[in-house]
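The lines below spell out each chain.
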Amino acid sequence: MSDFAPQTAGGKVLWHFTMSLDGFVAGPDHDMTWMETGISERPGFAKQYVETTGAVLGGRRGWDMFPDAGSVYGGDWTGPVFVLTHHPEDATPADRVTFLNCDVAEAVRIALAAADGRNVEVLSPDIGRQLLERGLIDEIDLHIAPVLLGDGIRLYEHLGGRPIYLHRVGVDDPTAEVDVRYRPAAA
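Report on the accompanying structure. (Residues numbered from 1 in each chain as written. Predicted model: local features only at pLDDT ≥ 70, side-chain atom pairs only at ≥ 80, totals over all residues. Heavy atoms only, no water.)

Focus: the sheet that holds strand 6 (residues 119-122)
Line of reasoning, step 1. Taken in spatial order, the six strands of this open sheet run 5-4-3-6-1-7, and their pairing is parallel. Both outer strands of the open sheet, strand 5 (97-100) and strand 7 (139-145), are each paired with one neighbouring strand and no more. Strand-to-strand twist of the sheet, defined as the mean angle between neighbouring strand axes without regard to direction, takes the value 25°.
Line of reasoning, step 2. Sheet analysis places strand 3 (residues 53-59) next to strand 4 (residues 81-84), joined by four bridges and oriented parallel. Counted as the bridge partner of Val 56 is Val 81 from strand 4.
Line of reasoning, step 3. Each of strand 1 (13-20), strand 3, strand 6 and strand 7 touches helix 1 (residues 45-52); the most contacted strand, strand 3, lies at about 100° to it.
Line of reasoning, step 4. In the packing of helix 3 (residues 104-115) onto the sheet, contacts are made with strand 1, strand 3, strand 4, strand 5 and strand 6, and the angle to strand 3 comes to roughly 155°. (Pairing = 2+ DSSP bridges. Helix = DSSP H or I, 4+ residues; strand = E, 2+ residues; numbered from the N terminus. Axes fitted to C-alpha atoms, helices over the stretch in contact; angles between N-to-C directions. Contact = heavy atoms within 4.5 Å.)

Here you go:
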């Protein structure tokens, strides 16, 4: 049983990812096949995000690998998607997708306005890192999958940067470590 409280809508900027135990949100070249087997979601997982998300903000590399706004939450979510890119002129137009060439803070402002009081989900490690450094992330929702990838795209990578301390939401001691225990799956 999880003590993870359901997400609520509140106009938050939410950095949201399922992540491997070793910190990767995608394999090399944005490969996501690792999520297709051996991992299960808790009941109601996607539904709560469908209901609380008003807009999605992502990056161009991720969009180029998965260019389908209709695939967000299996097609159950139908809001606007904003893709931050330095070259919007060479992006292929898509329904519900706006390509932005602006500062990340401006992209958040645009996405929040479009979210109409619901949350903006940031689905990009690089954009999330930039927003975190500027104090523009309200919450980080991580779902840790029982897999070790060993390579790929990390959630947070800032070599030589300072530590970013976080407070865990909904617990008595927000600075307490989180304990997890796994066994290798039978081969």
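Quick word on helix 3
Line of reasoning, step 1. For helix 3, which comprises twelve residues, the first-to-last C-alpha distance of 16 Å matches the rise-based estimate of 16 Å (1.5 Å per residue) to within 8%.
Line of reasoning, step 2. Val 104, Ala 107, Val 108, Ala 111 and Ala 115 are the residues of helix 3 that are buried. Relative to the axis of helix 3, the buried residues are bounded by an arc of 100° and lie together on one face.
Line of reasoning, step 3. Elements in contact with the buried residues of helix 3: strand 1, strand 3, strand 4, strand 5, strand 6 and helix 4 (125-133).
Line of reasoning, step 4. Sitting at the amino-terminal end of helix 3 is Asp 103, which places a side-chain oxygen 3.0 Å from the backbone nitrogen of Ala 105.
Line of reasoning, step 5. Where helix 3 ends, the next residue or the one after it, Asp 116, has phi of about 55°, a positive value. (Expected span 1.5 Å × (residues − 1). Buried < 20%, exposed > 50% of the residue type's maximum accessible area, 1.4 Å probe, protein only. Arc of directions from axis to C-beta. Polar contact = N/O pair within 3.5 Å; in protein donor to acceptor, adjacent residues only side chain to side chain.)

As for the environment of Lys 47
Line of reasoning, step 1. Residue position: Lys 47 is located in helix 1.
Line of reasoning, step 2. For the pair formed by Lys 47 and Asp 76, sequence separation is 29 residues and the distance between their alpha carbons is 8.2 Å.

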